[in-house]
Amino acid sequence: MKTSDFKYDLPEELIAQVPIEDRSSSRLMVVDKNTGQIEHRVFKDIIDYLEEGDCLVLNDTRVIPARLIGEKVGSGGKMEFLLLKRNEDDTWETLVKPGKRAKLGARFSFGGGKLFADVVDILEDGSRLVKFDYDGIFEEILDELGNMPLPPYITEKLEDKERYQTVYSKHNGSAAAPTAGLHFTDQLLDQIRAKGVKTAFVTLHVGLGTFRPVKVDDVGQHKMHSEFYMVTQEAADMINEARVKSKRVICVGTTSCRTIESASKPDGRLEAKSGWTDIFIYPGYKFKVCDNLITNFHLPESTLIMLVSALSSKENILNAYKSAVEERYRFFSFGDAMFLK
């Protein structure tokens, strides 16, 4: 299977630059995962497709202001750091620009000396391991100095940082939002629960590995970066109960899907556990837990469009994307949604 099999043409003007005012008023394309049949709706209509006893799985991670602008101590050269993964000893794996300035042993200052970073290792993929030096509480300093790490295809300034968070975000740690969840409001979730639909919250801290381009021709040769996930006993019980009762497990976003597929036994029973996952789901994968998916429209040749294709078929999904372009849907993080029913 070739990476180019997942290519499609997207006019640049369809890349959503800002979120719409009412989260739940985005458009919703409903695609039958088996037949490929398409319906065009509004996102709040998702409730019409949910049934009593279904279990909606949502990723409650929260995006941290992971983009730091600093300067090299000594030369004063500007440097951008993007925090990807926190390790136990207060070191972070980071992406840096321009990388040539971040040599081993280099020291950088942020916020006029409120925070310092020392490069302690250069990793295989070119990212840097840095150790931060500061007085006080790191999270508070990051809140003060950091910026929201919006994807590079979003060039407009985000006026309200909370619009890049889901309304149910809880656990700090992501470098990017689980964007399928951005369409939900508290009111819509209340209506969904009133219908007898269960809502199970899992956590996966989204790293940029999810969005990095696939650079190999053979899809099977691509390696995902690992991301931290957590499934509580409460969430596992809720999802397992739905399966026992032959009700649907509907994942909100590819990250929720990857989390429960990572935490499940071969028979599909979900375990309460936490750890790191580098699961890569593409056509041919046999899903153990996830039945249906709510997702956004993803970049061409990305691991995300491959996952969506695995739950349906490459032909169905590329046909749906072609329809989305023709119907002028909004694409990517702040764009419209798709429900694979």
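As annotated in an unreviewed UniProt entry, the chain carries the name S-adenosylmethionine:tRNA ribosyltransferase-isomerase and comes from Peptostreptococcus stomatis DSM 17678. The heading Subcellular location (unreviewed entry) in the UniProt record of the chain holds the text "Cytoplasm". Quoted verbatim from the Pathway (unreviewed entry) field of UniProt, the annotation for the chain is "tRNA modification; tRNA-queuosine biosynthesis."

Asks: Explain the packing of helix α5 (residues 303-311) against helix α6 (residues 314-326) to me, and be specific about the residues and the numbers.
Replies: The contact between α5 and α6 brings their axes to 7 Å, and the two run at 120°. With respect to each other, α5 and α6 are oriented oblique. The handedness of the crossing between α5 and α6 comes out as right-handed. Across from I305, V308 and S309 in α5, the residues of α6 making contact are K314, I317, L318 and Y321.

Asks: Residues and numbers for the packing of aromatic side chains, please.
Replies: Applying the stated criterion to the full structure yields 21 aromatic pairs. Ring plane angle 70° and centroid distance 4.9 Å describe the contact between Y8 and Y321, whose orientation is recorded as edge-to-face. Pair noted here: Y8 is in the segment before β1 (27-31) and Y321 is in helix α6, with a separation of 313 residues, a long-range link. Measuring from centroid to centroid gives 5.6 Å for F297 and Y329, while their planes differ by 65°, and the two rings are edge-to-face. With a gap of 32 residues between them, F297 in the loop between β16 (292-296) and α5 and Y329 in the loop between α6 and β17 (337-340) connect regions that are remote in the sequence. The class for F297 is buried, based on a relative accessible area of 1%. These aromatic residues form a ring-pair network of at least three members: Y8, Y153, F297, Y321, Y329, F331 and F332. The positively charged end of R27 is found above the aromatic ring belonging to Y329, 4.0 Å away from the centroid. When the ring centre of W276 is taken as reference, the NZ or CZ atom of K85 above it lies at 4.6 Å.

Asks: Describe the pairing of strand β8 (residues 107-110), naming the residues involved and giving the relevant values.
Replies: Bridging between strand β5 (residues 67-72) and β8 involves two bridges; their strand directions are antiparallel. Directly across from K72, in β8, lies its bridge partner F108. Two elements, β8 and strand β9 (residues 115-122), share four bridges in a ladder whose sense is antiparallel. Within β9, the residue paired with R107 across the bridge is D118. In textbook terms, the turn of a hairpin is the stretch between consecutive antiparallel strands, and for β8 and β9 this stretch comprises four residues, one of which, G111, has a positive phi near 60°.

Asks: Tell me about α5, and please be specific about residues and values.
Replies: Among the nine residues of α5, nine are classified as buried, and the element is accordingly described as predominantly covered. What α5 keeps buried is the set T303, L304, I305, M306, L307, V308, S309, A310 and L311. Looking at the buried side of α5, the elements it contacts are α4 (254-262), β16, α6 and β17.

Asks: Any details on the environment of T155? Residues and values, ideally.
Replies: Secondary-structure assignment places T155 in the loop between α1 (138-145) and β11 (171-174). Judged by relative accessible area, T155 falls into the exposed class, the value being 65%. Separated by 137 residues in sequence, T155 and V18 place their C-alpha atoms 9.2 Å apart.

Asks: With reference to specific residues and values, describe the domain arrangement of the chain.
Replies: The domain boundaries assigned to the chain delineate domain 1 (3-63 + 160-340) and domain 2 (67-145). With six residues of domain 1 at the interface, the matching set in domain 2 holds six residues. Of the roughly 600 Å² buried where domain 1 meets domain 2, counting both sides, 57% is carbon and sulfur surface. For domain 1, the biggest contributors to the area lost against domain 2 are L208, R212 and W276; these three give 57% of the whole. Taken together, the links from domain 1 to domain 2 amount to one residue pair in polar contact (both at pLDDT 80 or more). Counted by class, the side of domain 1 that touches domain 2 contains three nonpolar, two polar and one charged residues.

About the cut-offs
- Residues numbered from 1 in each chain as written.
- Predicted model: local features only at pLDDT ≥ 70, side-chain atom pairs only at ≥ 80, totals over all residues.
- Heavy atoms only, no water.
- UniProt positions renumbered as here; feature names shortened; annotations may be inferred.
- Axes fitted to C-alpha atoms, helices over the stretch in contact; angles between N-to-C directions.
- Helix = DSSP H or I, 4+ residues; strand = E, 2+ residues; numbered from the N terminus.
- Parallel < 35°, antiparallel > 145°, perpendicular 65-115°, else oblique.
- Left-handed = near helix turned anticlockwise from the far one by under 90°.
- Contact = heavy atoms within 4.5 Å.
- Phe/Tyr/Trp six-rings, centres within 6.5 Å; stacked < 30°, edge-to-face > 60°.
- Buried < 20%, exposed > 50% of the residue type's maximum accessible area, 1.4 Å probe, protein only.
- Lys NZ or Arg CZ within 6 Å of the ring centre and 35° of its normal.
- Pairing = 2+ DSSP bridges.
- Domains from an automatic or database assignment.
- Buried area = accessible area lost by both parts, 1.4 Å probe.
- Polar contact = N/O pair within 3.5 Å; in protein donor to acceptor, adjacent residues only side chain to side chain.
- Nonpolar A, V, L, I, M, F, W, Y, C, P; charged D, E, K, R; others polar.

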